[in-house]
Amino acid sequence: MKHAEALVSVRNASKRFGATQALEDVSVDFETGRVHGLVGENGAGKSTLCKIVLGVHAPDAGSIWLEDSPLRLLSPAEGAALGLVGVAQELSLLPAMSVVDNVVLGTEEHWGPFVSERANRRRVEALIDEHGLEVPIDARAGSLSVADQQKVEILRALGRRSRLVVLDEPTARLASHEAAELLDTVRRLAERGVAVVYISHFLNEVLSVADTVTVMRDGRIVRTGPARLESHASLVEGMTGRQIGEVFPPKPPAPADDAPVVLRVDGLSSTGAEFADVSLQIRAGEIVGLAGLVGAGRSEVAHAVYGSLAVASGSVEVCGHRLSGSVDDALAKGVSLIPESRRDQGLMARRPVRDNTTLPYLRRFAGRLGIRASREQEAASEACDDVGVRAESMLTPVAALSGGNQQKVLFARAVLGEPQLLIADEPTRGVDVGSKRAIYEALNRMARSGCAVLLVSSELEEVIGTCHRALVMRRGRIVAEHEGGDMTETSLLAAAFGPGDGTARGRSQEPAAAAGEPR
Amino acid sequence: MMAQVLPAARRYGIAVVTVALFGLLAATTDGFLSQANFRNILDQQSALLIAASFATITMIAGGFDISAASVFVVAPLFALQVENATGSAGLALVVGVAVGLVVGVANGLVVTALKVNSFIATLATSFMVFGAGFLISDRSVLRASTDAYPAIARTRWWGITTGAWIAAGVVAVAWILLSRTRFGRHVYAVGGNAEAARLAGVHVARVKTVAFALAGAAAGLAGVVSSSRTLSALPSDDFSFVFGVIAAVVVGGTSIAGGEGAVWRTIAGAFFIALMINGFNLHQVDPIWQRVIQGAVILAAVSIDSWTQRRPT
Ligand SMILES: Nc1ncnc2c1ncn2[C@@H]1O[C@H](COP(=O)(O)OP(=O)(O)OP(=O)(O)O)[C@@H](O)[C@H]1O
Ligand SMILES: [Mg+2]
């Protein structure tokens, strides 16, 4: 640790995309054996900085140095050959291939032209043992949960005798206890002499794992310094240039007992083993959290209510009307869904922000000559402003937005729908602290105007900080219900893990995570 | 300055190149800048434009339809049989389009309900349709028996043939459908991310089926227009028409992967290829070499397109 030296140095790098200056005159050193935290608001340029180091983008100006020689990468493959690897913010697995194949892809053990299945398996098993990232190694990557897919991505990066590993929001899709394990892995990596770059919106994670922290704002570096000199508040201030106070705005008042029931779910069971006998009610203006471990069946319930997943039995009523179980019907009766995976289920990456925002509600802009472009444009940009989407224009392809802003586009879509019932599946994943608050405020506004909200979230603090009431699912069943002051991390975690699993580690038990950050 | 010019050049690349080719031919080639030559080009392109503008929609929706060739060959055979039997050109036209529509709907259902890959599905239906063409025509050339049938595409309005007017109308309809309507948006959504489209309430199967159906009907119309120009139709199993269609769509820059593209691109692509061939002919390039060069140019156009879209920015 004493002999930390710069492995990769970025000097005066700039990068512009169209009218967006993503990076401006950025200089930073990533050191061997150190974890370098990178924080900043959505669109601050964190991912872009890492992408120029990994060879995904070429900088417009400035230079990059690997040890003492200048580095000019033309592709990520060249970077990987030099030991510079990254785990991208968006997953990029080959869904039809097994976990083993995905992890060793490009570095397969072989014997002449023949791939050695056994050697590959052994290598992957060794990796899993070493880092404690359990995944079923023969499963097809596409059949895994998002959290498991994330682990496969991380294993892939770890398996490449890497010298620099970039982790871009690696814990955004992980449950609390898995995230804690990942942080251990990150520390161990650094101890073995790897330079780690760690990007996260969970500032407490960064504070606990990083040696050095760089704060970015609007494409520039605000400061780089030792992590021990930073605090949650100082990072937030550096990122936003202002103090934002509490992450969670005050909750809207809980609905009166005679408030109308908007959502009534009765004895809902899936055709498979995903969930069984789920019943719940949400009143107008009420925000209800659906907590539990990843894989507990929460997203499946969300989809079943929305009509995008067939059910074996049970009924769903919205405002007294029974839903027929089709997405169309749900949309017509005022239900909106923000799906869990923005890339696979949410967005048309190459289409403009406008089209992505208005897609389910195009009927509203119907004119005699097709869609009325100006009204559509106006409505889309209003909805996007409402939740704070930062985009060059409404016609920018969604793929050109930063990760957090892409998430906000989905939220804008829901706002545009003015639903009676909003189902939000991890709506703040990858969203920065300031914008999180903007999203919570938008949620609250919707609740105040009488919308019922079902919030699926793996962040216990988010559930506690925003919901009137929380339901906990375990293995496909609702096992607990907590209200108001009864909602604590301990009570929710205990219910999520169930009796007899006292060894469960939640990050709530870690000293670093106690400081009032959502998760 | 470059920052604004480059993306625009990328975006409108094919249009720029087509205009440049036009300029080049105008400057260097005798006989290019004549009304007769332009009319000729328009006439020759009309059938292809009709089929290609709707093939663009299918491709954006994520489908790959090669049955256009078989419909193009066979629809006029049905149309001419009807014309020979009833003497009605109008009815013949309707039947020709209907044949295409039926094939298109069948393609759409096979692709969406049976979940057969669209290339394979339309290859299979192509063989069936070609076969039907030999049956209906009894393997012989069919000729128009009235003056009304040739008039469908050969009448002149303001110096331009009705065939070209029909093409212009069809192109306009496809363009508006794709860029201004809900159906058009749904087409882009289905091709761009089918699961996201489904969750946004888009009827994915319905949109795809309609896209195939319209492409079939357009190919049928293209066949009737073409046979009306040549006064006859001949059964065959010649796939070449659809290759011209796909070349125009792809050279224009519509993505084979779906989700991206535009009708104007296909028009630019079609005219780029047409101007190139016209230039060769006026310069009397050996037709055998024309093919080789044409293939190379298509390859170059498509590579440049994918290079500008993928290169690290
Ligand atoms: N390929 C691209 N084309 C155009 N603009 C882009 C592209 N990639 C990034 N940008 C823009 O550059 C800016 C920086 O984006 P970047 O992805 O680096 O942000 P980030 O700090 O990683 O944000 P987040 O926390 O949301 O992931 C944003 O304004 C974004 O819209
Ligand atoms: Mg990012």
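Residues numbered from 1 in each chain as written. Chains lettered and ligands numbered in written order. Predicted model: local features only at pLDDT ≥ 70, side-chain atom pairs only at ≥ 80, totals over all residues. Heavy atoms only, no water.

A. Structural view of the overall build of chain A. Looking only at helices and strands, chain A features 17 helices and 24 strands. At 23 Å, chain A has a C-alpha radius of gyration in line with the 24 Å of a compact globule built from 519 residues. Considered along the principal axes of its C-alpha atoms, chain A spans approximately 70 × 55 × 50 Å. The buried share among the 519 residues of chain A stands at 57%. Surface exposure of chain A reaches about 21,000 Å², of which carbon and sulfur atoms provide 49%. A gap of 3 Å separates the mean positions of the 58 positive and 68 negative side-chain charges of chain A. (Helix = DSSP H or I, 4+ residues; strand = E, 2+ residues; numbered from the N terminus. Rg over C-alpha atoms; globule rule 2.2 N^0.38 Å. Buried < 20%, exposed > 50% of the residue type's maximum accessible area, 1.4 Å probe, protein only. Areas by Shrake-Rupley, 256 points an atom, 1.4 Å probe, with all protein chains shown as cover. Lys, Arg positive; Asp, Glu negative; His and termini not counted. Charge placed at Lys NZ, Arg CZ, Asp CG, Glu CD.)

B. Up close: the overall build of chain B. Check the secondary structure of chain B and you find 14 helices and 4 strands. Over its C-alpha trace chain B gives a radius of gyration of 20 Å, about what one expects of a compact globule, namely 20 Å for 313 residues. Considered along the principal axes of its C-alpha atoms, chain B spans approximately 65 × 55 × 35 Å. Counting the 313 residues in chain B, one finds 50% classified as buried. Long-range contacts, defined as pairs at least 24 residues apart, comprise 80% of the intrachain contacts of chain B with a sequence gap of at least 6. For chain B, the accessible surface area stands at approximately 14,200 Å², while carbon and sulfur atoms represent 68% of it. Computing the positive centroid from 19 side-chain charges and the negative centroid from 12, chain B places the two 12 Å apart. (Contact = heavy atoms within 4.5 Å.)

C. Layout of unusual backbone geometry. Residue and element names in this part refer to chain A. The backbone of Glu-67 sits at a positive phi, close to 50°, despite the residue not being glycine. Inspection of the secondary structure assignment puts Glu-67 in the loop between strand 4 (61-66) and strand 5 (69-70). Owing to a relative accessible area of 39%, Glu-67 belongs among the partly exposed residues under this scheme.

D. Region of the structure containing the pattern of salt bridges. All names here are of chain A. Enumeration over the complete set of coordinates arrives at 28 salt bridges over all chains. Residues Arg-187 and Asp-211 are paired through a salt bridge, measuring 3.6 Å at the closest nitrogen-oxygen approach. With a gap of 24 residues between them, Arg-187 in helix 6 (residues 176-191) and Asp-211 in the loop between helix 7 (203-209) and strand 11 (212-217) connect regions that are remote in the sequence. Residue Arg-469 pairs with Glu-481 through a salt bridge whose shortest N-O separation is 2.8 Å. Of this pair, Arg-469 sits in strand 23 (residues 469-474) while Glu-481 sits in strand 24 (residues 477-483), and the two are 12 residues apart along the sequence. (Salt bridge = Lys/Arg side-chain N within 4 Å of Asp/Glu carboxyl O.)

E. A look at helix 11 (residues 204-230) of chain B. All names here are of chain B. Its 27 residues place the ends of helix 11 39 Å apart at the C-alpha level, agreeing with the 39 Å of an ideal helix rising 1.5 Å per residue. Burial analysis of helix 11 places 19 of its 27 residues in the buried class, which makes it a mostly covered element. A positive phi of about 70° marks Leu-231, the residue just after helix 11. (Expected span 1.5 Å × (residues − 1).)

F. Main features of the sheet that holds strand 18 (residues 335-338) of chain A. Residue and element names in this part refer to chain A. Pairing is mixed across the open sheet formed by 6 strands, whose spatial order is 18-21-22-15-23-24. Only two strands of the sheet have a single neighbouring strand rather than two, namely strand 18 and strand 24. If you compare each strand with its neighbour and ignore which way they point, the axes differ by 20° on average. Alignment of strand 15 (residues 287-292) against strand 22 (residues 452-456), held across 4 bridges, turns out to be parallel. In the sheet register, Val-288 faces strand 22, and the bridge partner there is Leu-454. The strands touched by helix 14 (residues 403-417) within the sheet are strand 18 and strand 21 (421-425), with strand 18 carrying the most contacts at an inclination of about 180°. (Pairing = 2+ DSSP bridges. Axes fitted to C-alpha atoms, helices over the stretch in contact; angles between N-to-C directions.)

G. The arrangement of the pairing of strand 14 (residues 278-283) of chain A in detail. All names here are of chain A. Across the two faces of strand 14 the burial differs, with Val-278, Leu-280 and Ile-282 buried and Ser-279, Gln-281 and Arg-283 not buried at all. Both strand 13 (residues 261-270) and strand 14 contribute to a ladder of 5 bridges, which runs antiparallel. The partner of Leu-263 across the bridge, within strand 14, is Ile-282.

H. How the structure looks around the packing of aromatic side chains. Applying the stated rule across the entire model yields 9 aromatic pairs over all chains. Centre to centre, the rings of B:Phe32 and B:Phe38 are 5.6 Å apart; their planes meet at 85°, and the pair counts as edge-to-face. Taking relative accessible area as the criterion, B:Phe32 reaches 0% and is therefore assigned buried. Residue classification places B:Phe38 among the partly exposed residues on the basis of a relative accessible area of 30%. Ring centres 6.0 Å apart and planes at 75° place the aromatic pair B:Trp158 and B:Trp165 in the edge-to-face group. The class for B:Trp165 is partly exposed, based on a relative accessible area of 34%. Feature note: the residues B:Phe22, B:Phe32 and B:Phe38 constitute an aromatic cluster, connected by ring pairs. The cationic tip of A:Arg351 hangs over the ring face of B:Tyr188; the distance from NZ or CZ to the ring centre is 3.7 Å. (Phe/Tyr/Trp six-rings, centres within 6.5 Å; stacked < 30°, edge-to-face > 60°. Lys NZ or Arg CZ within 6 Å of the ring centre and 35° of its normal.)

I. Helix 4 (residues 68-86) of chain B, seen in detail. Residues and elements named next belong to chain B. An ideal rise of 1.5 Å per residue puts 27 Å on 19 residues; helix 4 measures up with 27 Å between its terminal C-alpha atoms. Summarising burial for helix 4: 14 of the 19 residues are buried, a large majority. A positive phi of about 75° marks Gly-87, the residue just after helix 4.

J. Up close: the nonpolar core. Membership of the largest hydrophobic core comes to 193 residues, with the highest contact counts inside it found for A:Tyr198, A:Leu263, A:Val305, A:Tyr306, A:Phe411, A:Leu421 and A:Ile423. The biggest single contributor to this core is helix 3 (residues 35-60) of chain B, with 11 residues. (Core = buried A, V, L, I, M, F, W, Y, C linked by side-chain atoms within 4.5 Å.)

K. Spatial organisation of the site of ligand 1. All names here are of chain A. Taken together, 19 residues lie around ligand 1, and Asn-42, Gly-43, Lys-46, Ser-47 and Thr-48 are the ones closest in. A distance of 3.4 Å is found between an oxygen atom of ligand 1 and a backbone nitrogen or oxygen belonging to Gly-403. Here ligand 1 loses 87% of its free accessible area of 640 Å² to cover by the protein chains. Listing elements by their share of the shell around ligand 1, those giving two or more residues are strand 2 (20-31), helix 1 (46-54) and helix 14. The dominant element in the shell around ligand 1, judged by the number of residues it contributes, is helix 1, at 3 residues. Here the residues of the shell around ligand 1 sort into 5 nonpolar, 11 polar and 3 charged. (Near = heavy atom within 4 Å. Polar contact = N/O pair within 3.5 Å; in protein donor to acceptor, adjacent residues only side chain to side chain. Nonpolar A, V, L, I, M, F, W, Y, C, P; charged D, E, K, R; others polar.)

Purely spatial values, then, with no claim about function.
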